[in-house]
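Tertiary structure, described
Listed here are the chains, written in short residue letters.
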Amino acid sequence: GAVVSQHPSWVICKSGTSVKIECRSLDFQATTMFWYRQFPKQSLMLMATSNEGSKATYEQGVEKDKFLINHASLTLSTLTVTSAHPEDSSFYICSASNTESRGYTFGSGTRLTVV
Amino acid sequence: KQEVTQIPAALSVPEGENLVLNCSFTDSAIYNLQWFRQDPGKGLTSLLLIQSSQREQTSGRLNASLDKSSGRSTLYIAASQPGDSATYLCAVGGYSTLTFGKGTMLLVSP
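Residues numbered from 1 in each chain as written. Chains lettered and ligands numbered in written order. Predicted model: local features only at pLDDT ≥ 70, side-chain atom pairs only at ≥ 80, totals over all residues. Heavy atoms only, no water.

1. A look at the side chain of B:Ser85
Residues and elements named next belong to chain B. With respect to the helices and strands, Ser-85 occurs in the loop between β8 (72–77) and β9 (86–93). Here Val-108 takes part through its backbone nitrogen, which lies 2.9 Å from a polar atom of the side chain of Ser-85. Here Ser-85 is in contact with Arg-37, Asp-39, Leu-106, Leu-107 and Val-108, once residues within four sequence places are set aside. (Helix = DSSP H or I, 4+ residues; strand = E, 2+ residues; numbered from the N terminus. Polar contact = N/O pair within 3.5 Å; in protein donor to acceptor, adjacent residues only side chain to side chain. Contact = heavy atoms within 4.5 Å.)

Here it is in structure tokens:
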């Protein structure tokens, strides 16, 4: 079945540094990938939609300069949290649309803690 | 704007019980509906995907139904087991969007 690999699974960084999270579709091509964040006991909130070879579309209230998304190939999208602050600590999950099944496959998530 | 509601928010049952999780959505113009499982601190595992033209899908002890006209879906879990304990999320798929409910936290006790 379709597999999406997300790396790292957890990261701790100092305030002011940048962190990059990778999302890879392992056995299918993903023209569209999605980035979500999830706060404790809350549901997933869509941050942005990334399309291969074009600029990402950000949801209202999401700072595009802070959350940089790159989707340079059909199998890889990256999310870079720039100048991270403690309030950016959250669980970030990526997903890719699978045109074959017409469903969505999710990565295992990244727990970001900014200290 | 699509809104997805899941009831109940939490559910605790003894092992062996059959149970039903409910999901409702406000906009019936959907492409599909997907049920996910999320274990604490983990990503999402897809359980069942129902296309808009389908009425139900089954996988093992799980059965999900979809009634687009009334904006409802149910996830039926038969003979629940402690390993079923997790948060179950309902997500409604639009053209290029996926809207999640807040989930039902299920605890199955031995």
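2. Looking at the interface of chain B and chain A
Across the boundary between the two partners, chain B contributes 18 residues, which contact 16 residues of chain A. Around 1,300 Å² of area is buried between chain B and chain A when both sides are counted, 55% of it from carbon and sulfur atoms. Three residues stand out in chain B for area buried against chain A, namely B:Leu44, B:Leu98 and B:Phe100, and they jointly supply 30% of the buried area on that side. There are 0 salt bridges connecting chain B and chain A. Counting every contact that joins chain B to chain A gives 4 residue pairs in polar contact (both at pLDDT 80 or more). Residue assignment for the side of chain B that touches chain A shows that the elements contributing at least two residues are β4 (32–38), β5 (44–51) and β10 (98–100) of chain B. (Buried area = accessible area lost by both parts, 1.4 Å probe. Salt bridge = Lys/Arg side-chain N within 4 Å of Asp/Glu carboxyl O.)

3. Some remarks on the sheet that holds strand β6 (residues 56–59) of chain B
Residues and elements named next belong to chain B. Pairing is antiparallel across the open sheet formed by 5 strands, whose spatial order is β1-β3-β8-β7-β6. For this open sheet the edge positions go to β1 (4–7) and β6, each flanked by a neighbour on one side alone. Taking each pair of neighbouring strands and ignoring which way they run, the sheet shows an average axis angle of 15°. Here strand β7 (residues 62–67) pairs with β8 via 6 bridges, running antiparallel. Looking at β8, one finds that Asn-63 is bridged to Tyr-76. (Pairing = 2+ DSSP bridges. Axes fitted to C-alpha atoms, helices over the stretch in contact; angles between N-to-C directions.)

4. Describing a nonpolar patch on the surface
Residues and elements named next belong to chain A. Side chains of Trp-10, Ile-12 and Val-115 sit close together on the surface and give an oily, nonpolar patch of about 370 Å² of accessible area. Within the secondary structure, Trp-10 sits in strand β2 (residues 10–13). On the accessibility criterion, Trp-10 (57% relative accessible area) is exposed. (Patch = residues over 30% accessible without salt bridge, like charges linked within 9 Å, V, L, I, M, F, W, Y side chains within 5 Å. Areas by Shrake-Rupley, 256 points an atom, 1.4 Å probe, with all protein chains shown as cover. Buried < 20%, exposed > 50% of the residue type's maximum accessible area, 1.4 Å probe, protein only.)

5. Things to note about the pattern of salt bridges
Under the criterion given, the structure shown has 4 salt bridges over all chains. A salt bridge links A:Lys66 to A:Asp88, with the nearest nitrogen and oxygen atoms 2.9 Å apart. Placement of A:Lys66 in the loop between β6 (57–58) and β7 (67–73) and of A:Asp88 in the loop between β8 (76–81) and β9 (90–98) is noted, with a sequence separation of 22 residues between them. For the pair formed by A:Lys66 and A:Asp88, the shared burial category is buried. One salt bridge connects B:Arg61 with B:Asp84, and the closest N-O pair in it is separated by 2.9 Å. Taken as a pair, B:Arg61 in the loop between β6 and β7 and B:Asp84 in the loop between β8 and β9 lie far apart in primary sequence, 23 residues in all. The partly exposed category is assigned to B:Arg61, whose relative accessible area is 29%. Taking the relative accessible area as the measure of exposure, B:Asp84 reaches 7% and is therefore buried.

6. Here we look at the packing of aromatic side chains
Across all of its chains, the model carries 7 aromatic pairs over all chains by this definition. With a centroid separation of 5.7 Å and an interplanar angle of 75°, the aromatic rings of A:Phe106 and B:Phe100 are classed as edge-to-face. Placement of the pair is A:Phe106 in strand β10 (residues 103–106) and B:Phe100 in strand β10, with the two residues belonging to separate chains. Of the residues examined, B:Phe100 reaches a relative accessible area of 8% and is grouped as buried. Judged by centre distance (5.8 Å) and plane angle (40°), the rings of B:Phe36 and B:Phe100 are tilted. Placement of the pair is B:Phe36 in strand β4 and B:Phe100 in strand β10, with a sequence separation of 64 residues. Members of the aromatic cluster, connected to one another through ring pairs, are A:Tyr36, A:Phe106, B:Phe36 and B:Phe100. (Phe/Tyr/Trp six-rings, centres within 6.5 Å; stacked < 30°, edge-to-face > 60°.)

7. Comments concerning the state of the cysteines
Applying the stated criterion across every chain, the model contains 2 disulfides over all chains. Across the disulfide, A:Cys23 is cross-linked to A:Cys94 (sulfur-sulfur distance 2.0 Å). Since a negative S-S torsion denotes a left-handed disulfide, the A:Cys23-A:Cys94 link at about 80° is right-handed. You can see A:Cys23 sitting in strand β3 (residues 19–25) and its partner A:Cys94 sitting in strand β9, a full 71 residues away along the chain. Judged by its relative accessible area of 0%, A:Cys23 is buried. Through a disulfide, B:Cys23 is tied to B:Cys90; the S-S separation comes to 1.9 Å. Judged by the torsion about the S-S bond (-55°), the B:Cys23/B:Cys90 disulfide is left-handed. With B:Cys23 in strand β3 (residues 19–25) and B:Cys90 in strand β9, this residue pair connects regions lying 67 residues apart in the sequence. Judged on exposure class, the residue B:Cys23 and its partner B:Cys90 are both buried. There is no disulfide at A:Cys13, and the cysteine sulfur nearest it, in A:Cys94, is 18 Å away. (Disulfide = S-S within 2.5 Å.)

Honestly, it's all geometry; don't read function into it.
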